[in-house]
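# Structural overview
Here is what each chain is made of, one letter per residue.
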Amino acid sequence: ARATLFSERYCVVLPATFEIDRLGSLLDLSRHLPFIRYSARSLIGQQIDEYLIRNGDGLERTCEFDATDPLLSLVASGMGFALSTPLCLWQSRHFAAGVRVVPLSAFSRQGRLYPGMSRTFYLAYRHGELGTLPIEVRDMVRMAIRKQISTEIAATLRLEPGFLGIPADGE
């Protein structure tokens, strides 16, 4: 069995100092800043690559990394932009002052806003084993996300509410 813990939406990460009059497509953005990506060997890199292909954005391969720290280091220093998630960004929050986080929906391609992209975290367990422990762990994780972690992430990354999706208790 599995229980949904929470989901998070992917976002565009720009250097804090980067100014652009109008946010067009990600391909347009790549003409101003190189796209710094997660490695295609990583799950997050594969998800982002599939998203870009689905939306018709063949962004040039320049730098790619297996971890968020070097990726955000380059973005914060003004050397490019990236797609990432709030949890990845929060893990490397020492770069937060040097980046600006923008929702994918702030960009458009051929007059259409980019669709959202998210990932979901689950707790997997064997039904009937461990008694009520799996549900207790699920509820504890959701409470930590709802009461503390989402607040800290929002404040650190200057995000709007709702970037993390937490199912209602009992789901």
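First, a word on scope: everything that follows refers to the structure included in this document. In this text the structure is predicted, and so the values were computed from the model without any measurement.

On to the state of the cysteines, then. Following the criterion strictly, the structure yields zero disulfides and no others. Counting only cysteine sulfurs, Cys88 is the nearest neighbor of Cys11, a cysteine outside any disulfide, at a range of 9.1 Å. Judged by its relative accessible area of 5%, Cys11 is buried. Here Cys63 stays free of any disulfide, with the sulfur of Cys88 as its closest cysteine sulfur at 18 Å.

Turning our attention to the sheet that holds strand β5 (residues 82-84). Taking strand neighbours across the sheet as the criterion, the three strands line up as β5-β2-β6 in an open arrangement whose pairing is antiparallel. Lying at the two open borders of the sheet, with one neighbouring strand each, are β5 and β6 (99-103). This sheet shows a mean twist of 35° between the axes of neighbouring strands, independent of strand direction. By the bridge criterion, five bridges tie strand β2 (residues 11-15) to β6 in an arrangement that is antiparallel. Counted as the bridge partner of Val13 is Val101 from β6. Running over the sheet, helix α3 (residues 68-76) touches β2, β5 and β6 and is turned about 50° from β2.

Moving on: unusual backbone geometry. In most cases, non-glycine residues show a negative phi, while peptide bonds are predominantly trans. The backbone phi angle of Leu130 is positive, close to 65°, even though this residue is not glycine. Take Leu130: it is sitting in the loop between β9 (118-124) and α5 (133-157). Leu130 gets classed as exposed once you look at its relative accessible area, which sits at 60%.

Scoring rules and cut-offs
Every residue gets a number counted from 1 within its own chain, in the order that chain's sequence is written. pLDDT decides what is reported in this predicted model: residues at 70 or higher carry local features, side-chain atom pairs at 80 or more are listed and counted, and totals for whole chains, interfaces and linings draw on all residues regardless. As a rule here, side-chain values come from all non-hydrogen atoms in the structure, and water together with hydrogens is ignored. Defined by distance alone, a disulfide is two cysteine sulfur atoms within 2.5 Å. Each residue gets one of three labels from its accessible area relative to the maximum for its type: buried under 20%, exposed over 50%, partly exposed in between, using a 1.4 Å probe on protein chains only. Note on pairing: two strands pair once DSSP finds at least 2 bridges between them. Starting at the N terminus, helices and strands are each numbered in turn, a helix being any DSSP run of H or I of at least four residues and a strand any DSSP run of E of at least two. Here an axis means a line fitted to C-alpha atoms, over the contact stretch when the element is a helix, while the angle between two N-to-C directions is reported on a 0 to 180 degree scale. The contact rule is simple, with two residues in contact once any of their heavy atoms fall within 4.5 Å.

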